[in-house]
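Structure at a glance
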Amino acid sequence: MRFLRQPTTETLGLGPVHEFFKRGQLPTDAGDLVNRIFGQPGKRGAVVISGANGIVGAGKTMQLGSRLLEFNVPIAALDFPSAPDGIGAQYQGLKASFGQKRADEIMANVIRLNYDGQHLPSELNGLRPRFLLEAIPEILDVKKAHYEVFRKAFPEIEIRSVTSGFPAAELGVGIAHPAFPHQINKVWEIVETEVSPITQLFWALGLIPIPVSDNWSFVLDVLFCGLTLAGVRYHEASNMPFWKIDKFVRRLMGPNPFRAHDAIGAKGANFLTWSCLHHLSKNYSAPVFRPAPTLDHRKDTGQNWYPLNHFRPVVDWSMSDSGDDEFENWLIGPVAQMTSLMVHEERSHLAHMNAIGELCAQFRKGVIAFLRDLGPETTIKRVESYHRLHPEAAGSCWYPDAFGSMDSPEWQQLYVNAEHDGKVGVITIGRESYNSDVDAEMNRAIDWLRAEKVERVIVTGDFHLSTQLVGADTSEFYPALTEADRGYAISSSWSRTARRLNDEFKVSVGFINGKRCLGGMLELLMHCHYLIAIDEAALGMPEVTLPVVPGMEGCHWPFRKSRSEDWPRLLELLLTGRPVGAREAVGWLVDFAGPMQESLQTAWKVVADEKKGPLPQRKMSDKALKGIPADIGLPDSGNPAIRATRKAIMDCIQSSCGVSLAEALEVQAKHSAGFMGSEFCRGGVIGSECTKVMNV
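Keep in mind that what you see is a predicted model, and the values were worked out from it rather than measured.

The rules we used
- Numbers given for residues are sequential positions, taken from 1 along each chain in its written order.
- This being a predicted model, a pLDDT of at least 70 is required before a residue's local features are given, and a value of 80 or more before pairs of side-chain atoms are given or counted; all residues contribute to the totals for chains, interfaces and linings.
- Excluded from the side-chain calculation are hydrogens and water; included are all heavy atoms of the structure.
- Elements are defined by DSSP. Helices are runs of H or I of four residues or more, strands are runs of E of two residues or more, and each kind is numbered from the N terminus.
- Two things to know: the radius of gyration comes from C-alpha atoms, and the globule rule equals 2.2 Å times the number of residues to the power 0.38.
- Summary of the burial criterion: residues with accessible area below 20% of their type's maximum are buried, those above 50% are exposed, and those between are partly exposed, where the area comes from a 1.4 Å probe applied to protein chains only.
- Contacts are residue-level and defined by heavy atoms, with any inter-residue pair within 4.5 Å sufficient.
- Note on areas: these come from Shrake-Rupley sampling with a 1.4 Å probe, and a residue is covered only by the protein chains present in the view.
- Just so you know, the count uses Lys and Arg for positive and Asp and Glu for negative, and it drops His and the chain ends.
- Here the site of a charge means NZ on Lys, CZ on Arg, CG on Asp, or CD on Glu.
- Strands are labelled as partners when DSSP assigns at least two bridges between them.
- We define a nonpolar core as any set of buried Ala, Val, Leu, Ile, Met, Phe, Trp, Tyr and Cys residues linked to one another through side-chain atoms lying within 4.5 Å.
- All axes here are fitted lines through C-alpha atoms, helices being fitted over the stretch that makes contact, and every angle between N-to-C directions spans 0 to 180 degrees.
- Throughout this description, any angle smaller than 35 degrees is read as roughly parallel, any larger than 145 degrees as roughly antiparallel, any in the 65 to 115 degree range as roughly perpendicular, and the remainder as oblique.
- Crossing handedness: left-handed means the near helix sits turned counterclockwise from the far one by under a right angle, and right-handed means the same turn made clockwise.

Take the overall build of the protein chain next. When its secondary structure is counted, the protein chain shows 29 helices and 20 strands. At 26 Å, the protein chain has a C-alpha radius of gyration in line with the 26 Å of a compact globule built from 696 residues. For the protein chain, the C-alpha atoms occupy an extent of roughly 75 × 65 × 55 Å along the three principal directions. In the protein chain, which comprises 696 residues, the proportion classed as buried is 60%. Relative to all contacts within the protein chain whose residues are 6 or more apart in sequence, the contacts with residues 24 or more apart total 75%. Within the structure as shown, the protein chain displays about 27,300 Å² of accessible surface, and the carbon and sulfur contribution to it stands at 50%. Side chains of the protein chain carry 72 positive and 81 negative charges; the gap between the two charge centres is 4 Å.

Here is the structure:
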């Protein structure tokens, strides 16, 4: 096997994705892992979550409880009798997600127990605890005493701490640090000496475990706490209000660090941020991490960062070009310096480190991709400029050589990887939304496979970091709202990338392995000769709701591959934005849908069979299409924006289907770009978000 860079699934002990298809099955099974960890059916041991009424504990009680219910694994929720009812507060969210019946079943499987902090309740004995997830306060001695109580009572119990800062070497247990918001964020930073069945069970349950090294604050909290500290230091230097700093940070990088603290709960979040930075500064003797006086104060008072809403519009703050540059030095400099330390220490696979920033800390681009865009010289200059502003930080934890290998595959292929066995290649996409970085990496992956003489390929989500493919990253469209040329460049270049999957391989198979595939990601995969999906996947083209006109050939490509009697279904998909189940789409949008194992096996048979595979290939018409319905009888939505967008999409369909395949790319790109500048697009979801993010 050859790899463009190491597959992230290998870091979980699962092997490369190529082997999933070749074997025709996933490398591990949730049911088997449950048996190994919790015992056989009828004799299952329990998960114990201590500190279960806290924000983290309650969220993870719901997340694990909902996934382990079908395996009859009881959840023991342990906390002090005086703790507020954090678990009960989760019920409405469960009900909204699963319906009342399922929510009631999940809650009924949660056994709430009280204890005094020193003696475990006798009821635990009957539950046979096999796994403890500790979510008690970040006080090292208290945590260690807690583990001792459990180990004395249950010597074989597996223990993981949700700590955001203490290394496993300090705690004496492994780490499973979950990202916020705890009810829905699937990412867990994992520290353990070797991959455990618990980590693989998390993966099999649809969660996202990410192995990190055993260093203080791991990756997420170096980024999150470090960015917060950078904002605090800028406040101390400029006296700019925190809410205004958040606006500039959001425009520059994506997060709102101060608002996030208030949303989590300032009292606890301020302490956690201070604690992480305090311990980092002590263990690295590094002023770059030392909490600023303002943060010391907020830690002690638990004070919110944002004032009451009515104060914000009264006190505003503008920024000159030179002020912008200084702000970027204050923010990018320390973040880049901290990143240099993490890269130097090899705290995580670079694709992991990058994903943690996006999936957990709300970076628009992960920090590795962000710095890659700047390039090594500019990145180093930003840090040096920061050192002139904060000279103390120059003395330690600065590794400029860490940026010297930005041209390596590890830096260049953060989102898209390629693997092959000499005959069949697999391209994996590890980002949920398509952007210019994914597009560039997709082209490099295709180039590499073609140079390796690979003519058969499967294109799929990466079975790890991307549990779904949700379409285009709409922040890429912000410039196109006012510059039509930018919209045309995106639509035409992304479409040319997609066409390579059709034009440059003998056989290409798009494989949808996640819970949904929407918009631009669906357009990308439908360019493959075959499209295969697991049967529970939802497929959709939600552009009409944004509103935009599909720009990666969704307005003509699927029509050219389907029968005329199926065109009304495609029109409904495009004009309503309602998704369709994969099974319902067989024959007119996808070629096969089935359970995971059967779908993997079918994809492999199609791509590997030199003669005739198990599926007939839907023929692609390169001629102008005639008879596309002009109307399918949809009721008037009553919404002028929806009405205008439907018309724009229908115009694009008629125009791009009405010319040859060779002409259609430019036609649809012009339609897509033209609508982005319309009042309806500027006033819709994308335009509103652009105003919120970019207009500071």
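This part takes up the pairing of strand S7 (residues 174–178). The element S7 is largely enclosed, with a buried count of five among its five residues. Relative to S7, strand S6 (residues 158–161) is paired through two bridges, and the arrangement is parallel. Note on S7: the bridge partner recorded for Arg160 is Gly174. In terms of strand pairing, S7 meets strand S8 (residues 187–191) through four bridges, oriented antiparallel. Among the inter-strand pairings, Ile175 is bridged to a residue of S8, identified as Val191.

This part is about unusual backbone geometry. The linkage connecting Phe180 with the following residue, Pro181, adopts the cis geometry, with an omega of -5 degrees. Assignment of secondary structure puts Pro181 in the loop between S7 and S8. Going from Leu546 to Pro547, the amide bond is cis rather than trans, its omega being -10 degrees. In this fold, Pro547 is placed in the loop between strand S18 (538–540) and helix H23 (557–560). In this model, Ser217 sits at a positive phi of 65 degrees, which is unusual for a non-glycine residue. By the secondary structure assignment, Ser217 is in the loop between strand S9 (208–211) and helix H10 (220–238). Under the relative-accessibility criterion, Ser217 is labelled buried at 1%. Positive phi, normally seen in glycine, also occurs at Glu346, with a value near 55 degrees. Its place among the elements puts Glu346 in the loop between helix H15 (321–345) and helix H16 (350–359).

Quick look at the environment of Ile175 now. Of note, Ile175 is situated in strand S7. It is 17 Å that separates the C-alpha atoms of Ile175 and Leu280, two residues lying 105 residues apart in sequence. When residues no more than four places from it in sequence are discounted, the contact partners of Ile175 are Arg160, Ser161, Thr163, Phe166, Pro167, Ala168, Glu189, Ile190, Val191 and Phe218.

One open sheet holds the three strands; their spatial order is S16-S18-S19, and the pairing between them is mixed. Since the sheet does not close on itself, it has two edges, and those belong to strand S16 (516–518) and strand S19 (580–581), each with one partner. Sheet analysis places S16 next to S18, joined by three bridges and oriented parallel. Within the sheet, the bridge partner assigned to Arg516 lies in S18 and is Ala538.

Turning our eyes to something else, we now look at the nonpolar core. Of all hydrophobic cores here, the largest spans 194 residues; its most connected members are Phe21, Phe289, Leu539, Phe559 and Leu589. The residues contacting Phe559, other than those within four sequence positions of it, are Gly554, Trp567, Leu570, Leu571, Leu574, Leu625, Ile628, Ile653 and Cys657. Among the nonpolar cores identified, the runner-up in size contains 36 residues, and Ala30, Val34, Leu64 and Phe202 belong to it.

What holds strands together in a sheet is hydrogen bonding between their backbones, with the strands either parallel or antiparallel. Taking strand neighbours across the sheet as the criterion, the eight strands line up as S4-S3-S2-S5-S6-S7-S8-S9 in an open arrangement whose pairing is mixed. With one partner strand each, in any of the chains shown, strand S4 (110–114) and S9 form the two edges of the open sheet. Geometrically, the sheet is characterised by an average inter-axis angle of 25 degrees between neighbouring strands, direction not taken into account. Against the sheet, helix H2 (residues 30–38) contacts strand S2 (46–50) and strand S5 (129–134), and its axis sits at roughly 95 degrees relative to S5.

Taken N-terminus to C-terminus, the directions of H10 and helix H11 (residues 242–252) make an angle of 125 degrees; their axes are 10 Å apart at the nearest point. Relative to H11, the element H10 lies oblique. With respect to the hand of their crossing, H10 and H11 are arranged in right-handed fashion. On the side of H10, the interface is formed by Leu227, Gly231, Tyr234 and His235, while H11 contributes Phe242, Ile245 and Val249.

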